[in-house]
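Residue strings, one per chain:
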Amino acid sequence: MILLHRLASIVRWLVHRNGAEQDLDDELQAFVDMAAADNVRDGAAPVDARRIAVLDLGGVEQTKERVRSARYGAWLDEVARDVRYALRMCARSPSFSAIVVITLALGIGANTAIFSVINALMLRSLPVREPGQLVEPLFKYPRDPRLNSYSWKQYERFRDQNHVFSDLIAVSRDRFQVTGRTSGPEVVDGMYVSANFFDALALQPAVGRVIGPQENQIGSPSAAVAMISWSYWQSRFNLDPAVLGASLIVDDVPVTIVGVMPREFFGLLLGMDPALWMPVAIEPLVRKPSRLMNGSLGGAIVGRLKPGVTREQAQAEMRVLDRARLTELEARMHDVQWRGVTIDLEPAGAGLSVLRDRFATSLLLTMAVVGLLLLVACINVASMLLSRGLARRREMAVRVALGAGRFRIVRQMLTESLMLSMFAGVCGVALAYVGAHALVKIIASGRSPVGMPQPLQIPVHLDLHVLLFAAGAAVVTGVLFGSVPAWHAFVSAPSSSLREIGGTGETKPWRRFGQSLVVAQVALSVLLLSAAALFVRHLTDLRTVGLGFQTNSILQVTLDWSRSGYKPRQMGPLIRQVLDRLASMVGVRSATLAGMTPISGAAGSQFINVKGFTESPDDRRRVSLNTVAPRYFETLGTPLIAGRDFAPEDEGRPRVAIVNQAMARYYFGASSPLGREFTIEGQARPLQIVGVVGDAKYWDVHETPPRIIYMNAFQGSGLTNPIFVLRTDVPPMSLAANARRAVRDVLPNVPVARISTLAEQVDASILPERLIAMLSALFGALAAVLVAIGLYGLLAYTVTRRMKEIALRIAIGATSRDVIRMVLTSALGLVSAGLIVGVPIALWVKGYAASALAIVAATQVERPITLPVNPMAHVAIAVVAMLVVTLIASYVPARRATKVDPMVALRCE
Amino acid sequence: MEKLDIPQGTLDLMILTILAREPMHGYGISQRLAVLSRDHFHVNPGSLFPSLYRLEQDGKLKAEWRPTENNRRAKYYRLTASGRRQLEQHRERWNRVSFAVTSVLEGA
């Protein structure tokens, strides 16, 4: 009750401030009048009566002030006053304020941008009922990423046999050709869902109804229903509610739209926004033959733990239930590695783990980098404010003389700092908005994990969490850098007297402190720059070292044969014609065919049997396979070590193969593999080895080159949809138009599906590393700029302070070179101190950065190679960069120092 | 005669007591306080007005401008129901405190 009264009166006070002030004034006047009247009655002269009354009151203004400060909400007044004053101060030096705000906004913006992506991928809960209870079963086959992928049959088995989940749901992604009354045909992402999906997640439709248990009649026409996503509803139907009951043609089957998905729900799988949601029972209608019926339809499973069941208990039961599947896989695939596979249950309340697994480490690493950047920005601003605090000593002295307490002044300084950081926070959020979208674009440019759409759609919003983060960052930085000038004011306020400030006097400890702030910035920047150098170097190494093939000047062309009507038998000669045509183009050095090109995200593998070679079943590993045309190795730059390349003449002769050195070493040791034979598991006809080539990476750049067998594309069944691979003498993409024309000339009815370079393909596969290298280089550079600004500020100030000394020196014969040397010495002194602190830390952190990279690599392959790291080199790069920055920052102050006119400077005093 | 300091926390109680009899303006309250305390207490307006404003903000008092008997305008404070309750409570507590203190002093 009382609280309400107080609140109401605070509001009244804020709203009717002028009225209330007037009221108080009137009341005190009335008081004085009455007292004066009484004094007159007691015999005082009318003139004195009023004076006595005012004296008695103890001063009208003082009383008013006491009333004001006794009020509840008085602090609001004071804050408002502080803020007004702070605004005036900021406005008085707009360029200074702008630099501070920009510096901090960059730091806060970078942090908020990265955080918003982390928030979207790792923190934000799905908008479903009790997301905390959701878990997903993941298994891991050696060398593969963790998978949540089970056959639909297996899902039903889990669903019916478990005792630990209150609901077990499954979803399966597919792509559909959709034609609406006014739209399409177009190909969209869609999801099959189990009939209990919406019930289990308690999802409410935006309009219409959800898909329910009544739609579980497999293949029945009643299952031909769909929900559409909000964004699809918006883009294709203009949010028209009449969409309910409308019909879509999905892969030739009419499907009735029964509802629209909730606007904020994009599915369980982060990274996509499927347009269509349909019951899995529809699958036999739209797919012939049905993968659901023949057991090959896979899906991701999510379970809701029963109350009281822990994740560990559920995991134990799932492992038992999964036994049968693993045993069957081992038997069917003749692969003992399935024996070691177990299910882990992971929380799925923030969505399925695919993107988290791939990007979490790199995002956290980047977060650490931007955190450091913000710290540098903070120190930078602190040192700027400190030197301004020194310049404002006169103002402070005036305020102390006028009766301001030291706490009052400290509060004022802190208010100013917080105002600046709040401004910066607002600008930072704007920057983060732009930055986060750029970041998402970069992430989407990478290769999507298996089963995800390309490009990824990551819903990054500046939601409440992100805004709170930005506000938190702004307040923390404000307090951090604000405490320096505030402390300075606190310490120096009592001693501030106008007389003393007359000269340029300045306390030595504070000067030292200002210098140490620059030293700290240099140290942190060395850290950032050397980490950036390491990350960039690591990226170039990944792109080049030990690849075993060339990425530059390689163009790949794939065709879309699907609507051509050619039978595979007819395609062989046509493919040769296209190949000949492409090979004869100007600028093409060599051309070949390949079933797969390296680092494409997919590759074949098989078990093989080598005559005269035995190994224990446990050691049996698959061998990677590729089918290539003659001149493949020449085109990709993989060296032929022994034997011969494939030849067109091989066609129709016994099958031949070329193996790489890793394969030759493993199966044949020191003896020559040439002429030896092997069979591929499940095939009877042997292949004879005719050549050995150098090791080359195949699946992933992080791995050691696997054992590879190459087969001749012009033998056996050959290739049905090969990739045309061209080595060019000119920038590869410049040949794209010619290549299209060449294909059209030979095959007018077969469109080109895709033209890309091999370098692009490799880059798409190392997105996390590219992200880290790109961002750390960007932010490292930014930190260096901040250091330059900080150093420049300090040197400019030093030159001004030592103006008299410099003038004297020039007067007694110092040359400009001496003066420049003097300024440079003091600059280099500071930077060296920073380097002395920073370099050991950088060397120490290096180990962590390198192991972080190893972790990033491990998110992509099982046993990543370790590239050698030369820590000294990267630190050296950072040191050189810092020295260059020093020279740039000292240029202007040094020039100004040489321009000092002794007469003018000395007369000043 | 030397004035006494008003003991901590008793000013509100005395204001409420004075206003319990009839609504009164600030000057009137200070005069009445002097009379009732037989001139032992003299309340400084610098203390009186903050107290009045705070009691008003807490809803214990309600203020309105009214003409005085001498035909001036003054801001009159009167007790609200909640103020009356507070007066009861505080008076009761004060009685116990002063009884307790007196007992100690006389028993020693």
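Starting afresh in each chain, residues are numbered from 1 along the sequence in its written order. Whichever chain is written first is A, and whichever ligand is written first is 1; the rest continue in order. Predicted model: local features are reported for residues with pLDDT of at least 70 only, side-chain atom pairs are reported and counted for 80 or more only, and whole-chain, interface and lining totals are derived from all residues. Calculated side-chain values reflect all of the structure's heavy atoms, with hydrogen atoms and water omitted.

**Digging into the overall build of chain A**
The cut-off we apply is this: Runs of H or I in DSSP of at least four residues are treated as helices and runs of E of at least two as strands, each being numbered from the N terminus. We compute the radius of gyration over the C-alpha atoms and compare it with the globule rule, which gives 2.2 Å times the number of residues raised to the power 0.38. Any residue under 20% of the maximum accessible area for its type is buried, any over 50% is exposed, and the rest in between are partly exposed; the area is computed with a 1.4 Å probe on protein chains only. Any two residues having at least one pair of non-hydrogen atoms within 4.5 Å are treated as being in contact. Surface accessibility follows the Shrake-Rupley procedure with a 1.4 Å probe radius. Residue values consider only the protein chains on display as shielding. None of His or the chain ends enter the tally, which takes Lys and Arg as positive and Asp and Glu as negative. In this description, the location of a charge corresponds to atom NZ of lysine, CZ of arginine, CG of aspartate or CD of glutamate.
Across its full length, chain A holds 27 helices and 23 strands. Against the 2.2 N^0.38 benchmark of 29 Å for 909 residues, chain A shows a C-alpha radius of gyration of 37 Å, more extended than a compact globule. Dimensions of chain A along its principal axes, counting C-alpha atoms only, are 130 × 80 × 55 Å. When each of the 909 residues of chain A is scored for burial, the buried share is 51%. Contacts in chain A between residues at least 24 apart in sequence constitute 81% of all its contacts with a sequence separation of at least 6. Summed over all atoms, the accessible surface of chain A reaches about 40,900 Å², with 60% contributed by carbon and sulfur. In chain A, 94 positive and 72 negative side-chain charges are present, and the distance between their average locations comes to 6 Å.

**Some points on the overall build of chain B**
Of regular secondary structure, chain B possesses 4 helices and 3 strands. In chain B, the order of α-helices and β-strands from amino to carboxyl end is α-β-α-α-β-β-α. For chain B, the spread of C-alpha atoms along the three principal axes comes to 55 × 35 × 20 Å. Here chain B, with 108 residues, has 42% of them falling under the buried criterion. Summed over its atoms, the accessible surface of chain B is roughly 6,600 Å², and 50% of this surface lies on carbon and sulfur atoms. Here chain B carries 17 positive and 12 negative side-chain charges, and the mean point of each set is 6 Å from the other.

**Focus on the sheet that holds strand β2 (residues 61–67) of chain B**
Residues and elements named next belong to chain B. Spelled out, the test is: When DSSP locates at least two bridges between a pair of strands, those strands are taken to pair. In this analysis an axis means a line fitted to C-alpha atoms, helices contributing only their contacting stretch, and an angle means the value between N-to-C directions, from 0 to 180 degrees.
Spatially, β1-β3-β2 is the arrangement adopted by the 3 strands of the open sheet, whose pairing is antiparallel. The two strands at the open ends of the sheet, each matched to only one other strand, are β1 (24–25) and β2. Sheet topology places β1 next to strand β3 (residues 73–79); 2 bridges connect them, and they run antiparallel. Residue pairing for β3: H25 is matched across the bridge by Y76. Here helix α3 (residues 45–57) sits on the sheet and contacts β2 and β3; the angle it forms with β3, its principal contact strand, is near 55°.

**Quick look at the domain arrangement of chain A**
Where the parts come together, the accessible area they lose is often given as the size of the interface. The test is simple: Marked domain ranges trace back to an automatic or database domain assignment.
Taken domain by domain, chain A consists of domain 1 (2–72), domain 2 (93–124 + 351–506), domain 3 (131–349) and domain 4 (561–750). Its C-alpha centre places domain 1 of chain A at a distance of 98 Å from the equivalent point of domain 4 of chain A.

**Some words on the confidence of the model for chain B**
Where we set the bar: As a per-residue quantity, pLDDT reports the predictor's confidence and falls between 0 and 100.
In this model, chain B carries a mean pLDDT of 87, and residues with pLDDT of at least 70 account for 97%. In the predicted assembly, ipTM is 0.89 and pTM is 0.78.

**What to know about the interface of chain B and chain A**
Using the following cut-off: Here the buried area means the combined drop in accessible surface, using a 1.4 Å probe, for two parts upon being joined, counting both sides. Each salt bridge in this description consists of a side-chain nitrogen of Lys or Arg and a carboxyl oxygen of Asp or Glu lying within 4 Å of one another. Whenever a nitrogen or oxygen atom comes within 3.5 Å of another N or O atom, the pair is scored as a polar contact, on the condition that within protein one atom can donate a hydrogen and the other can accept it, and that pairs from neighbouring residues in sequence are kept only if both atoms are in side chains. Gly counts as polar in this scheme, as do all residues outside two lists: the nonpolar Ala, Val, Leu, Ile, Met, Phe, Trp, Tyr, Cys and Pro, and the charged Asp, Glu, Lys and Arg.
Contacts between the two partners involve 24 residues from chain B, matched on the other side by 25 residues from chain A. Roughly 2,300 Å² is buried in total at the junction of chain B and chain A, and carbon and sulfur atoms are behind 59% of that figure. Between K75 of chain B and D23 of chain A there is a salt bridge, and its shortest N-O distance comes to 2.6 Å. Joining chain B to chain A, the criterion identifies 6 residue pairs in polar contact (both at pLDDT 80 or more). Considering each element in turn, the side of chain B that touches chain A owes the most residues, 8 residues, to α3 of chain B. Considered class by class, the residues forming the side of chain B that touches chain A number 8 nonpolar, 10 polar and 6 charged.

**Description of the packing of helix α12 (residues 354–391) of chain A against helix α17 (residues 508–544) of chain A**
What describes two packed helices is the angle between their axes and the distance between those same axes. All names here are of chain A. Filter applied, for reference: Should an angle fall under 35 degrees it is taken as roughly parallel, and over 145 as roughly antiparallel, whereas 65 to 115 is taken as roughly perpendicular and any remaining angle as oblique. Handedness of a helix crossing follows the sense of rotation of the near helix relative to the far helix, less than a right angle counterclockwise being left-handed and clockwise being right-handed.
The interhelical angle for the contact between α12 and α17, taken along N-to-C directions, is 160°, at an axis separation of 10 Å. For the element pair α12 / α17, the angle class is roughly antiparallel. Our pair here, α12 against α17, has a crossing hand that is left-handed. Mapping the contact onto sequence places L365, V369, L372, L373, L375, V376, I379, N380, A382, S383, L386 and L390 in α12 and W510, F513, G514, L517, A520, Q521, L524, S525, L527, L528 and F535 in α17. Of the residues in the contact of α12 with α17, the class split is 18 nonpolar, 5 polar and no charged.

**Observations concerning a nonpolar patch on the surface**
Rules: Each patch groups residues whose relative accessible area exceeds 30% and which form no salt bridge, using 9 Å between like charges and 5 Å between nonpolar side chains of Val, Leu, Ile, Met, Phe, Trp and Tyr.
Together, W94, V97, V101, V104 and L105 of chain B give the surface a local cluster of nonpolar side chains, amounting to about 480 Å² of exposed area. Within the fold, V97 of chain B resides in helix α4 (residues 81–107).

**A short note on the packing of aromatic side chains**
All names here are of chain A. The following threshold applies: Aromatic contacts are taken between Phe, Tyr and Trp rings whose centres are within 6.5 Å, Trp giving its six-membered ring; a plane angle under 30 degrees counts as stacked, one over 60 as edge-to-face, and the others as tilted. Any Lys NZ or Arg CZ that is within 6 Å of a ring centre and within 35 degrees of that ring's normal is treated as a charge sitting over the ring.
Scanning the entire structure with this criterion turns up 24 aromatic pairs over all chains. With centroids separated by 5.1 Å and ring planes inclined at 75°, the aromatic side chains of F197 and F198 adopt a geometry described as edge-to-face. Like F198, F197 is buried. Plain terms: the ring middles of F265 and W277 are 5.9 Å apart, the flat faces sit at 45° to each other, and that makes the pair tilted. Highlighted residues: F265 in the loop between β8 (253–260) and β9 (276–279) and W277 in strand β9, separated in sequence by 12 residues. Within the aromatic cluster, the residues linked to one another by ring pairs are F139, Y141, Y150, F158 and W338. Directly above the aromatic system of F139 lies the positively charged group of R325, at a separation of 4.3 Å from the ring centroid. Cation over ring: R707 sits above Y666, and NZ or CZ is 3.6 Å from the ring centre.

**Overview of the pairing of strand β3 (residues 165–179) of chain A**
Every regular strand shows the same layout, with side chains that alternate between the two sheet faces. All names here are of chain A. One ladder, built from 6 bridges, connects β3 with strand β10 (residues 298–305); its direction is antiparallel. Looking across to β10, one finds that F165 is bridged to L305. Pairing of β3 with strand β4 (residues 186–193) involves 8 bridges; the strand directions are antiparallel. Directly across from Q177, in β4, lies its bridge partner V187.

**Considerations on the environment of P686 of chain A**
Of note, P686 of chain A is situated in the loop between β19 (677–680) and β20 (687–693). The spacing of P686 of chain A and D729 of chain A is 43 residues in sequence and 39 Å in space, taken between C-alpha atoms.

**Some remarks on unusual backbone geometry**
Following K288 of chain A, the chain continues to P289 of chain A via a peptide bond in cis, the omega torsion being -5°. Structurally, P289 of chain A can be placed in the loop between α10 (283–286) and β10. Unusually for a residue other than glycine, R631 of chain A sits at a positive phi of about 75°. Mapping R631 of chain A onto the fold places it in the loop between β16 (623–628) and α19 (632–636). Positive phi, normally seen in glycine, also occurs at D39 of chain B, with a value near 70°. Considering the arrangement of structural elements, one finds D39 of chain B in the loop between α2 (26–36) and α3.

**Notes on the side chain of S530 of chain A**
Within the element layout of this structure, S530 of chain A appears in helix α17. The buried category is assigned to S530 of chain A, whose relative accessible area is 1%.

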